[in-house]
Amino acid sequence: MKILKIIALLSALLSFSSAHAEEILRMATTTSTENTGLLPVLNAPFAAKNHVRVDVIAVGSGKALKLGENGDVDVLLVHAPKAEEKFVADGFGVDRTAVMYNDFVLVGPKSDPEGIKSTPSAEEALKKISLGKTPFISRGDDSGTHKKELELWGKTSTKPAGNWYISSGQGMSAVLRMADDKLAYTLTDRGTFLAYKDKTQLVILFEGGEGVLNPYHVIAVNPKCHAHVKYGLVKKYIDYVAGTEGQAIIGNFKKDGNVLFHPGLPK
């Protein structure tokens with residue numbers, strides 16, 4: 001009789017534990033959302049309201065998309081528009097939705113050895129850097145920032161190569177530290193730079209102009225490709241980050257009074 005009671009008690013405990021088990025939403029995202037500190041703040045209300053845990057893998061956008069393609073995650077939050085469009089067109093993603101944006105800037109030492117601050121475009125700034133051969137630190141990691149950098153180099157008809165051009169294979173925060181150490185230039189999203197500006201001596205030397213907007217989209221991994229994807233939960237997440245509550249959190253997230261990301265689509 002005692003054994004039966006113990007078995008019944010264990011069964012009840014297991015049943016209770018299962019009923020109250022925390023569901024997990026697997027997310028792959030770019031390093032900038034994590035480095036800035038936005039993602040924990042953005043995800044916390046959603047996790048609490050839906051009794052889930054959001055497990056985040058922060059990598060370059062290219063690697064994040066590959067994780068989605070392989071079905072290793074449920075949802076993506078990335079900033080590589082052309083690669084995102086191909087990901088959806090190839091059938092790996094659905095419900096691609098605009099979430100926020102900022103822009104890319106060129107940063108470097110305050111002395112600005114190549115005088116890029118006076119250039120009319122990012123492409124002209126890169127040309128000056130290549131001619132002067134002042135060190136330039138590239139992400140070199142197939143991230144959204146790396147893709148944008150290569151796009152800008154492609155418009156200069158200059159192929160960056162040589163000892164001055166350093167392909168790091170690192171995330172944005174590590175690249176900013178490297179650029180600071182080497183008195184080098186680099187391309188960064190504004191949000192990560194603002195979040196780390198007190199940790200380096202780097203300054204923004206070129207900003208604005210065409211082709212430097214940096215939009216972020218959330219994408220559900222296609223459940224037709226990977227049946228185990230928690231599509232219903234992902235839909236709730238998309239509605240949340242693109243809805244009133246999520247957009248307000250994004251717009252109010254600041255560092256030293258500076259807005260790191262703007263909600264919605266670029267104006």
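First things first, this report covers the structure right here in the doc. (Residues numbered from 1 in each chain as written. Predicted model: local features only at pLDDT ≥ 70, side-chain atom pairs only at ≥ 80, totals over all residues. Heavy atoms only, no water.)

1. Side note on the packing of helix 4 (residues 61-69) against helix 5 (residues 81-89)
- With their axes 10 Å apart at the nearest point, helix 4 and helix 5 run at an angle of 10° to one another. In terms of orientation, helix 4 and helix 5 fall into the roughly parallel class. Seen from helix 4, the contacting residues are Leu 65, Gly 68 and Glu 69; seen from helix 5, they are Ala 83, Glu 84 and Phe 87.
- Classifying every residue of the contact of helix 4 with helix 5 by side-chain character gives 3 nonpolar, 1 polar and 2 charged. (Axes fitted to C-alpha atoms, helices over the stretch in contact; angles between N-to-C directions. Helix = DSSP H or I, 4+ residues; strand = E, 2+ residues; numbered from the N terminus. Parallel < 35°, antiparallel > 145°, perpendicular 65-115°, else oblique. Contact = heavy atoms within 4.5 Å. Nonpolar A, V, L, I, M, F, W, Y, C, P; charged D, E, K, R; others polar.)

2. With respect to unusual backbone geometry
- In this structure, His 51 is a non-glycine residue whose phi angle is positive, near 55°.
- Position of His 51 among the secondary structure elements: in the loop between helix 3 (38-50) and strand 2 (52-58).
- Residue His 51 is classed as exposed on the basis of its relative accessible area, which comes to 62%.
- Positive phi is not limited to glycine here, since Asp 95 has a value of about 60°.
- For Asp 95, the location among the structural elements is in strand 4 (residues 93-108). (Buried < 20%, exposed > 50% of the residue type's maximum accessible area, 1.4 Å probe, protein only.)

3. Observations regarding the packing of aromatic side chains
- Tallying each qualifying case throughout the model produces 10 aromatic pairs.
- Relative to Trp 153, the ring of Phe 136 has its centre 5.9 Å away and its plane inclined at 75°; by these criteria the two rings are edge-to-face. Taken together, the residues Phe 136 in strand 5 (residues 136-138) and Trp 153 in helix 7 (residues 144-154) connect sequence positions 17 residues apart. Both residues of the pair, Phe 136 and Trp 153, count as buried.
- Aromatic pair Tyr 216 and Phe 261: ring centres 5.4 Å apart, planes at 85°, arrangement edge-to-face. (Phe/Tyr/Trp six-rings, centres within 6.5 Å; stacked < 30°, edge-to-face > 60°.)

4. Examining the environment of Val 54
- Following the sequence through the fold, Val 54 ends up in strand 2.
- Sequence separation of Val 54 and Met 27 is 27 residues, and the distance between their C-alpha atoms is 6.9 Å.
- In contact with Val 54, other than residues within four places in its own chain, are Leu 25, Met 27, Asn 43, Phe 46 and Ala 47.

5. Some words on the layout of surface pockets
- Within this model, the largest pocket holds a volume of roughly 250 Å³.
- Lining the largest pocket are 13 residues, and of these Ala 80, Pro 81, Lys 82, Lys 148 and Glu 151 lie nearest its centre.
- Mapped by element, the contributors of at least two residues to the lining of the largest pocket are helix 5, helix 7 and strand 9 (213-221).
- It is helix 7 that contributes the most residues to the lining of the largest pocket, 4 residues altogether.
- Taken as a whole, the second largest pocket holds about 160 Å³ of empty space.
- Residue lining of the second largest pocket: Gly 62, Leu 65, Lys 66, Glu 69, Ala 83, Lys 86, Phe 87, Asp 90, Phe 92, Asp 142 and Lys 147, and that is the complete set.
- Taken together, the elements giving at least two residues each to the lining of the second largest pocket come down to helix 4 and helix 5.
- Ranked by the residues each element gives to the lining of the second largest pocket, the list is headed by helix 4, at 4 residues.
- Partitioning the lining of the second largest pocket into residue classes produces 4 nonpolar, 1 polar and 6 charged. (1 Å grid on protein atoms, 1.4 Å probe; cavity = no way out; pocket = protein on both sides within 12 Å on 5 of 7 lines; lining within 4 Å. Points joined across faces, edges and corners; volume = space filled by probe spheres on them.)

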